[in-house]
Amino acid sequence: MSRCGLDTGSSPTRAMPAMGDQELPGVLVSGFEGPYSICEDHVGVLQKHFNLITMQEFLENKTHFGPKIQAIYLWAGKPHINQELLQSLPSLRVIASSGVGLDHLDLKLIDSFGVKVANTPHAVANPTADLGMALLLAVARRVVEGHQLAISPHTENFSANWLGEEVTGATLGIIGMGSIGYKIAQRARAFEMKILYHNRKRRSLEEEEAVGATYCERLDDLLQQSDFVMLAVNLTPQSQGLIGRRELSLMKPTATLINVGRGLLVDQDALVEALQTGVIKAAALDVTYPEPLPRDHPLLELKNVTLTPHIGSATHQARRQMMENLVESILASLSGLPIPNEVLLK
Ligand SMILES: O=CC(=O)O
């Protein structure tokens, strides 16, 4: 478990009546291990509402725990929900999944078991948009190189003999104009950037005008015109490999690719080649495949790459809101009420 620096479990979540002890519903809770693990401080809150059953407890005694489990509190996409797991949980009503991405869930399979799904899109939009801008600015102004220089023992090199780029007036192309993409546009507007976007569905004129964004029906147009290309799109079978060799070759040789979506949106081999041969100037990636990258991966060697370890939602506020949203969705579902943030099959 990680510490998320919250009040230690005593503060109740919004509008969530705790049930009497005997009635607490059984909830399979994941994420007790690993880097993106459940916050230690959340466990106290969860215990007020649920009888928590860990994956290990469940695996050790499936016949005892299986029928008691009414919900899964799915943190960071684990455990993998497959047919076998669903078959062993006959009382399961809802899977509440942290974050916004749903690429780890087979929604059709889950639906065939009559199980509902909810996620936490609102909790992650602001921090992920912040991170997208942080990466954009870090590359433009060479913040990581500047840091290395400032802490270098060679103080004679203290003053940089290189220059960065200003983002004011530069063109930002946002691919994916959902809640994260839109919030990136809001931020970029404040930096006086020219904003293009590509999305399956065009936003309303009012929404476009509010952030000064111009719709590009053709992805190619956005790629050709942008100084910064920002990926903020969901991973689906259609968007996998969206940015491949051809798309990279359409970008300006001075352009930077930023990815706060999913690693598989990009053909990573083609990206390495493009960065090595100057097809594009730089990349900043919060997501890769796999995560983490093997330590001998070429992306780790390239000077024109800035990497962060999938930290789009890694803020105290977002993790807290995610937890509250998951609890709310589970409680609503088990009470037969409309489920906040329910994911509907398209
Ligand atoms: O990756 C994080 C998310 O899907 O919210």
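What you are looking at is a predicted structure, and each value in this text was computed from that prediction instead of being measured.

## Some remarks on the overall build of the protein
Each helix and strand in the protein was counted, giving 13 helices and 12 strands. Computed over its C-alpha atoms, the radius of gyration of the protein comes to 22 Å, within 12% of the 20 Å expected for a compact globule of 346 residues. Seen through its principal axes, the protein has C-alpha atoms that stretch 65 × 50 × 35 Å. Burial analysis of the protein (346 residues in total) assigns 49% to the buried set. Of all intrachain contacts in the protein linking residues separated by at least 6 positions in sequence, the fraction that spans at least 24 positions is 65%. Roughly 17,200 Å² of accessible area belongs to the protein as shown, and the carbon and sulfur atoms make up 52% of that amount. Taken together, the 30 basic and 37 acidic charged side chains of the protein have centroids lying 3 Å from each other.

## Brief notes about the site of the ligand
All residues adjacent to the ligand are Gly-99, Val-100, Gly-101, Val-124, Arg-262 and His-310. The separation between an oxygen atom of the ligand and a polar side-chain atom of Arg-262 is 2.8 Å. Here the ligand has 200 Å² of accessible area as a free molecule, and 85% of this is covered by the chains. Class assignment of the residues belonging to the shell around the ligand gives a composition of 2 nonpolar, 3 polar and 1 charged.

## Re the layout of surface pockets
One water molecule sets the probe size; rolling that probe over the atoms shows where empty space is left. In this model, the second largest pocket occupies a volume close to 420 Å³. Around the second largest pocket, the lining is made up of 22 residues, and of these Glu-145, Lys-303, Asn-304, Val-305 and Thr-306 lie nearest the centre. Within the residue set of the lining of the second largest pocket, elements represented by two or more residues are α6 (121-140), α7 (143-151), β11 (282-285) and β12 (305-307). Per-element tally for the lining of the second largest pocket: the top contributor is α7, with 4 residues.

## With respect to unusual backbone geometry
Here the amide bond leading from Lys-78 into Pro-79 is cis, since omega sits at 5 degrees, within 30 degrees of zero. Within the fold, Pro-79 resides in the loop between β3 (69-74) and α4 (83-87). For the peptide bond that leads from Tyr-289 to Pro-290, omega is -5 degrees, which places it in the cis range. Phi at Arg-142 is positive, roughly 55 degrees, even though this residue is not glycine. Along the chain, the position of Arg-142 falls in the loop between α6 and α7. If you check the backbone angles, Asn-341 has positive phi at about 60 degrees while not being a glycine. Relative to the elements of secondary structure, Asn-341 occurs in the segment after α13 (316-334).

## A look at the UniProt feature "domain: D-isomer specific 2-hydroxyacid dehydrogenase NAD-binding" (unreviewed entry) in the protein
As recorded in UniProt, the feature "domain: D-isomer specific 2-hydroxyacid dehydrogenase NAD-binding" (unreviewed entry) lies at residues 133-312. Each end of residues 133-312 is marked by a C-alpha atom, and these two atoms are 11 Å apart; helix forms 33% of the span and strand 16%.

## As for the domain arrangement of the protein
Considered domain by domain, the protein is made up of domain 1 (26-123 + 316-343) and domain 2 (124-151 + 164-307). For domain 1 versus domain 2, the distance between C-alpha centres works out to 31 Å. Between domain 1 and domain 2, the contact holds 10 residues from the first and 7 residues from the second. Approximately 600 Å² of surface area, both sides summed, lies buried where domain 1 meets domain 2, with 53% of it carried by carbon and sulfur atoms. Counting across the interface, domain 1 meets domain 2 through 1 salt bridge. Asp-103 is paired through a salt bridge with Arg-262; the nearest N and O atoms lie 3.1 Å apart. Where domain 1 meets domain 2, there are 4 residue pairs in polar contact (both at pLDDT 80 or more).

## Points about the packing of α6 against α13
For the pair α6 and α13, interaxial distance at closest approach is 8 Å and the crossing angle is 170 degrees. Compared by their axis directions, α6 and α13 come out roughly antiparallel. Counting all contacts with α6, which are made through His-122, Ala-123, Val-124 and Pro-127, the residues of α13 involved are Ala-318, Gln-321, Met-322 and Asn-325.

## Quick look at the sheet that holds strand β2 (residues 51-54)
Taking strand neighbours across the sheet as the criterion, the 5 strands line up as β2-β1-β3-β4-β5 in an open arrangement whose pairing is parallel. Each edge of the sheet is formed by a strand with only one pairing partner; in this case those strands are β2 and β5 (116-118). The mean angle between the axes of side-by-side strands here comes to 25 degrees, regardless of whether they run parallel or antiparallel. Across the sheet, helix α1 (residues 40-49) lies against β1 (26-29), β2 and β3, angled at about 120 degrees from β2, the strand it touches most. Here α13 sits on the sheet in contact with β1, β3, β4 (94-97) and β5, set at roughly 160 degrees to β3.

Reading the values: rules and limits
- Residues numbered from 1 in each chain as written.
- Predicted model: local features only at pLDDT ≥ 70, side-chain atom pairs only at ≥ 80, totals over all residues.
- Heavy atoms only, no water.
- Helix = DSSP H or I, 4+ residues; strand = E, 2+ residues; numbered from the N terminus.
- Rg over C-alpha atoms; globule rule 2.2 N^0.38 Å.
- Buried < 20%, exposed > 50% of the residue type's maximum accessible area, 1.4 Å probe, protein only.
- Contact = heavy atoms within 4.5 Å.
- Areas by Shrake-Rupley, 256 points an atom, 1.4 Å probe, with all protein chains shown as cover.
- Lys, Arg positive; Asp, Glu negative; His and termini not counted.
- Charge placed at Lys NZ, Arg CZ, Asp CG, Glu CD.
- Near = heavy atom within 4 Å.
- Polar contact = N/O pair within 3.5 Å; in protein donor to acceptor, adjacent residues only side chain to side chain.
- Nonpolar A, V, L, I, M, F, W, Y, C, P; charged D, E, K, R; others polar.
- 1 Å grid on protein atoms, 1.4 Å probe; cavity = no way out; pocket = protein on both sides within 12 Å on 5 of 7 lines; lining within 4 Å.
- Points joined across faces, edges and corners; volume = space filled by probe spheres on them.
- UniProt positions renumbered as here; feature names shortened; annotations may be inferred.
- Domains from an automatic or database assignment.
- Buried area = accessible area lost by both parts, 1.4 Å probe.
- Salt bridge = Lys/Arg side-chain N within 4 Å of Asp/Glu carboxyl O.
- Axes fitted to C-alpha atoms, helices over the stretch in contact; angles between N-to-C directions.
- Parallel < 35°, antiparallel > 145°, perpendicular 65-115°, else oblique.
- Pairing = 2+ DSSP bridges.

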